[in-house]
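So you can see what is in the structure, the chains are spelled out below.
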Amino acid sequence: MLSGEIPAEIGNCSELVDVYLYENSLSGALPRELGKLQKLEKLLLWQNNFVGSIPEEIGNCKSLVVLDFSLNFLSGSIPESFGNLTNLQELMLSSNNISGSIPAVLSNATSLIQFQIDSNQISGSIPPELGSLAQLQVFFAWDNKLEGSIPATFSGCQSLQALDLSRNSLTGSLPPSIFQLRNLTKLLLIFNDISGFIPPEIGNCKSLIRLRLVGNKINGQIPREIGFLTNLSFLDLSENHLSGVVPDEIGNCGELQMLNLAGNSLTGNLPSSLSSLSKEVDVSMNQFNGPIPGSLGELYSLNRLLLGSNSFSGPIPSTLGRCLRLQLLDLSRNQLFGSIPVQIFEIQALEIALNLSWNALTGEIPSQIVALNKLSVLDLSHNKLGGDLMSLSGLVNLVSLNVSYNNFTGYLPDNKLFRQLSATELAGNQGLCARGHDSCFLSSEQGMGIPRARRSWRLKLAIALLTVVTIALAVLGILAVLRVRKMNKEDADSELGEGESLSWKFTPFQKLNFSVEQILRCLVEANAIGKGCSGIVYRAALDNGKSLQ
């Protein structure tokens, strides 16, 4: 809980080796006198409130091994003098307001293992000279303003394991030489302006575990050589300009758990060779056609399956009912027909959403749908479904329902959700009693019988009397509680102790640029964006302008 500035006199502590002042409330500028500490090896000042530029004099600390100024408010540029730090292994400047370009002289810091400058305002191009850092294992520069192409010289960083250049303005194509790196496990280039095609040399990078190229302008086909990536677990090529078919060889990626190809122009059928996916498949917003492969039912551990906005045809395969861990199923905006298979309703883990809208499904809603008692969102709109809606009365956890533009008939289940549905969510069902009057609702006590009549005046009188008695009892109860609290106040204070209160402890396992208090202030009803059986989802607006859910 230290505050104030670092005194300039610290420069007189000539024997200092380690300075650990991280996670405090220190402020002000960094004293130039730090540059006098010739024996200093570790300078850890992360998560404070330091401002101003980084002193050039720190480049005189020739013994520095670890320098971490992350999560502050530092500005200015990266000092050129850091190129003198030949023993420096970790340079961590993440989450500041640093601007300027990356100094090419940093290539002289040949011992550098970790270089993290993400979440700053750094611009310009990435110096090709960084390719001479043979010991570099981690380079994070995401969320900056970098331009130009990815240097082909990165192939010289033979120890590189993780490269994240996401959320910049990088252009050009993917350099084939980058896939010669034998130790590269993570390559993240999310949301840039990279174009060209995925080079077949990608198959040489067999160490890759996570490959995320989402949000670029990459075109051409997915190369067959991607099947050589036997360690790949996360492949995200969404929101690009990819075309052609998905190669069958992708099934050779035996460790693949998440596949996201959404938002491209891919065609043909989905390969039936996918068998290892255990978390998510998202191929929505493409041009896939033909039947949905029944083999998807063999993905027993799959959590999410999104096939929406394609041209899939035929019936919904009943084998999808074997995906018992599925939490979200989206088959919307296709050309599916036939009835809804009852096997779908055996997926009791289906709690996020079931979206079958904008197809040509027929038949009635199977009564087995009541088994989906955890489901939060159900969209059956724009189909040709018929029958009544009474089978939906048991879906007590629903927070969103759309049954518009079908052939439903009869009365509405009498529960809170149906009474809150808008006319839009019920529209387009000519035989449905959806005028909003009490006579349209069928109470649970009446089962499948006669619509509810108006309550008699006796029932209304009884309810009124019961309300008055309840209010009176509540007032008496409150008075009693207040009296007990007043009597026990001194005892309660002594148990808690002066200035103490019952609280909970938050232990972060990584650096955070927000506090627990910021989150707690946002946990109010006005910020609630969704409710379900697992709890309430809030949107939290942080002090740094970002938001979380």
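Being a predicted model, the structure only gives us computed values, none of them experimental.

Cut-offs and rules
- Residues numbered from 1 in each chain as written.
- Predicted model: local features only at pLDDT ≥ 70, side-chain atom pairs only at ≥ 80, totals over all residues.
- Heavy atoms only, no water.
- Helix = DSSP H or I, 4+ residues; strand = E, 2+ residues; numbered from the N terminus.
- Buried < 20%, exposed > 50% of the residue type's maximum accessible area, 1.4 Å probe, protein only.
- Areas by Shrake-Rupley, 256 points an atom, 1.4 Å probe, with all protein chains shown as cover.
- Lys, Arg positive; Asp, Glu negative; His and termini not counted.
- Salt bridge = Lys/Arg side-chain N within 4 Å of Asp/Glu carboxyl O.
- Contact = heavy atoms within 4.5 Å.
- Polar contact = N/O pair within 3.5 Å; in protein donor to acceptor, adjacent residues only side chain to side chain.
- Core = buried A, V, L, I, M, F, W, Y, C linked by side-chain atoms within 4.5 Å.
- Phe/Tyr/Trp six-rings, centres within 6.5 Å; stacked < 30°, edge-to-face > 60°.
- Lys NZ or Arg CZ within 6 Å of the ring centre and 35° of its normal.

Caption draft 1: The arrangement of the overall build of the protein chain in detail. Within the protein chain, the regular secondary structure consists of 4 helices and 39 strands. Residues classed as buried in the protein chain amount to 43% of the 549 residues present. Counting every atom, the protein chain has about 27,000 Å² of accessible surface; 52% of that belongs to carbon and sulfur.

Caption draft 2: Structural context of the side chain of Glu280. Along the chain, Glu280 falls in strand 21 (residues 280-282). Despite its burial, Glu280 pairs with no opposite charge, the nearest such side chain being Arg304 at 4.4 Å.

Caption draft 3: Just the environment of Asn216, in detail. Looking at the secondary structure, you find Asn216 in the loop between strand 15 (210-212) and strand 16 (219-220). On a C-alpha basis, the gap between Asn216 and Gly196 in space is 9.8 Å, while along the polypeptide they are 20 residues apart. When near neighbours in sequence (up to four residues on either side) are disregarded, Asn216 contacts Leu189, Phe191, Asn192, Asp193, Ile194, Glu239 and Asn240. Polar side-chain contacts of Asn216 include one of 3.0 Å to the backbone oxygen of Leu213.

Caption draft 4: Expanded view of unusual backbone geometry. Phi at Leu71 takes a positive value of approximately 60 degrees, unusual for a residue other than glycine. Tracing the chain through its elements places Leu71 in the loop between strand 6 (66-68) and strand 7 (73-75). One non-glycine residue with positive phi stands out, namely Ser119, at about 60 degrees. The topology assignment puts Ser119 in the loop between strand 9 (114-116) and strand 10 (123-125). In this structure Ser119 comes out as buried when scored by relative accessible area, which is 10%.

Caption draft 5: Fine view of the pattern of salt bridges. If you walk through the whole model with that rule in mind, you get 5 salt bridges. The salt bridge involving Arg32 is made with Glu57; its shortest N-O contact spans 3.1 Å. Here Arg32 is found in the loop between strand 3 (25-29) and strand 4 (42-44), whereas its partner Glu57 is found in the loop between strand 5 (49-53) and strand 6, with 25 residues between them in sequence. Between Arg419 and Asp414 there is a salt bridge, with the nearest N and O atoms lying 2.7 Å from each other.

Caption draft 6: Layout of the nonpolar core. Core analysis: the largest hydrophobic core is formed by 124 residues, its most contacted members being Phe69, Phe115, Phe139, Leu378 and Leu392. With 5 residues, the next largest nonpolar core counts Leu44, Trp46, Val65 and Val66 among its residues.

Caption draft 7: Quick peek at the packing of aromatic side chains. In total, this model carries 5 aromatic pairs according to the counting rule given. Ring geometry for Tyr22 against Trp46: centres 4.8 Å apart, planes inclined by 5 degrees, an arrangement best described as stacked. Placement of the pair is Tyr22 in the loop between strand 2 (18-20) and strand 3 and Trp46 in the loop between strand 4 and strand 5, with a sequence separation of 24 residues. For the ring pair Phe288 and Phe312, a centre distance of 6.2 Å and an interplane angle of 10 degrees mean the geometry is stacked. A residue pair is termed long-range when its members are at least 10 positions apart, and Phe288 in strand 22 (residues 287-291) and Phe312 in strand 24 (residues 311-314) qualify at 24 residues. Take Phe288 and Phe312: they sit in the same class, and that class is buried. Here the basic side chain of Lys206 rests over the ring of Phe228, its NZ or CZ set 5.6 Å away from the ring centre.

By themselves these figures say nothing about function.
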